[in-house]
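# Overview (structure and organization)
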Amino acid sequence: QCLPAVLTIAAGMAYKDPWVMPLDKKQAADEARRKFAGESMSDHIALLTAYNEWRRFPAHQAKDWCWRNYLSGNTLDMMKDMRRQFLQLLEGIGFVDRDLVSGIKEPHGMYADKL
């Protein structure tokens, strides 16, 4: 059950930070990040929450959502690809079942919460 969260956090740590920090809006960007972290005050939870919310939007709405929440859509897209690569590597060493890997689809929108 924790594999999707671990894949997301690992992808976020392996690539660059998806948060955008404009100099003139640093306080607003920090506030957005804290909102995603919630009471945990954890950067990892903030990343996981933001990524999961981003996936719920259809691609044509995700760009605007990223802009409003100080996130880079390009970085989130790269994280999505990295998650899939990590999962395939885990399948290759026998850590996860092949059916799980072959059944993964990560579109934006209504099917986004499958992984």
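The text that follows walks through the structure, step by step, so that each part is easy to find. Per chain, the residues get numbers from 1 upward, laid out in the order the sequence is written. In keeping with the model being predicted, local features are shown solely for residues with a pLDDT of at least 70 and side-chain atom pairs are shown and tallied solely at 80 or more, while totals for entire chains, interfaces and linings include all residues. Only hydrogens and water are set aside when side-chain values are computed; all heavy atoms of the structure are taken into account.

Attention now moves to the overall build of the protein chain. Where helices and strands are cited, they refer to DSSP runs of H or I of at least four residues and of E of at least two residues respectively, numbered from the N terminus. Broken down by element type, the protein chain carries six helices and zero strands. The order of helices and strands in the protein chain, counted from the N terminus, is α-α-α-α-α-α. For the protein chain, restricting intrachain contacts to residue pairs at least 6 apart in sequence, the fraction spanning at least 24 positions comes to 65%. Under the convention used here, a 1.4 Å probe and the Shrake-Rupley method define accessible areas, while residue burial counts only the protein chains that appear. Put simply, the protein chain shows about 7400 Å² of open surface, and 56% of that area lies on carbon and sulfur atoms. By definition in these notes, contact holds between two residues if any of their heavy atoms fall within 4.5 Å.

Before going further, it helps to examine unusual backbone geometry. The phi dihedral of M41 is positive, around 55°, even though this residue is not glycine. Relative to the helices and strands, M41 resides in the loop between helix 2 (26-37) and helix 3 (43-55). Since its relative accessible area comes to 71%, M41 is described here as exposed. Whether a residue is buried, partly exposed or exposed follows from its accessible area with a 1.4 Å probe, protein chains only, as a fraction of its type maximum: under 20%, in between, or over 50%, in that order.

Any carboxyl oxygen of Asp or Glu within 4 Å of a side-chain nitrogen of Lys or Arg constitutes a salt bridge here. Taken as a whole, this structure holds four salt bridges when the rule is applied. For R33, the salt bridge identified is with D17, shortest N-O distance 3.4 Å. Taken together, the residues R33 in helix 2 and D17 in the loop between helix 1 (3-14) and helix 2 connect sequence positions 16 residues apart. For D17, a relative accessible area of 40% gives the class partly exposed. A salt bridge links D30 to K26; the nearest nitrogen and oxygen atoms lie 3.2 Å apart. In this pair, D30 and K26 are both assigned in helix 2, four residues apart and thus about one turn of the helix distant. If you follow the salt bridges from partner to partner, you end up with D17, R33 and D43 in one network.

Let us now look at helix 1. Across its twelve residues, helix 1 extends 16 Å between first and last C-alpha, which sits within 8% of the 16 Å expected from 1.5 Å per residue. Of all the residues in helix 1, the buried ones are L3, L7, T8, I9, A11 and G12. Take the number of residues in a helix, subtract one, and multiply by 1.5 Å to get its expected span.

Attention now moves to the packing of helix 3 against helix 5 (residues 73-92). Simply put, an axis is a line fit to the C-alpha atoms, just over the touching stretch for a helix, and the angle between two N-to-C directions goes from 0 to 180 degrees. Here helix 3 crosses helix 5 at 95°, and the two axes come no closer than 11 Å. Regarding the angle of helix 3 to helix 5, the classification is roughly perpendicular. Contact residues: helix 3 offers L47, Y51, W54 and R55, while helix 5 offers G73, L76, D77, M79, K80 and R83. Under the scheme applied here, ten amino acids are nonpolar (Ala, Val, Leu, Ile, Met, Phe, Trp, Tyr, Cys and Pro), four are charged (Asp, Glu, Lys and Arg), and all others, including Gly, are polar. A per-class count over the contact of helix 3 with helix 5 returns five nonpolar, one polar and four charged. Note on angle classes: values under 35 degrees are labelled roughly parallel, values over 145 roughly antiparallel, values of 65 to 115 roughly perpendicular, and the remainder oblique.

This paragraph deals with the nonpolar core. The nonpolar core is taken to be a set of buried Ala, Val, Leu, Ile, Met, Phe, Trp, Tyr and Cys residues, with the residues joined through side-chain atoms within 4.5 Å. Within the largest apolar cluster, 16 residues are counted, with the highest numbers of intra-cluster contacts made by F36, W54, L71 and L76. The element contributing the most residues to this core is helix 3, with five residues.

Every α-helix winds through 3.6 residues per turn, so residues three or four apart in the chain are directed the same way. Those residues of helix 4 (residues 59-68) not exposed but buried are A62, W65 and C66. Seen along its axis, helix 4 keeps its buried residues to an arc of 100°; they face one direction. The outward face of helix 4, more than 90 degrees from its buried face, is lined by the exposed residues H60, K63 and W67. A positive backbone phi angle near 60° is found at Y70, which sits one or two residues after helix 4. As used here, the arc belongs to the directions running from the helix axis to the C-beta atoms.

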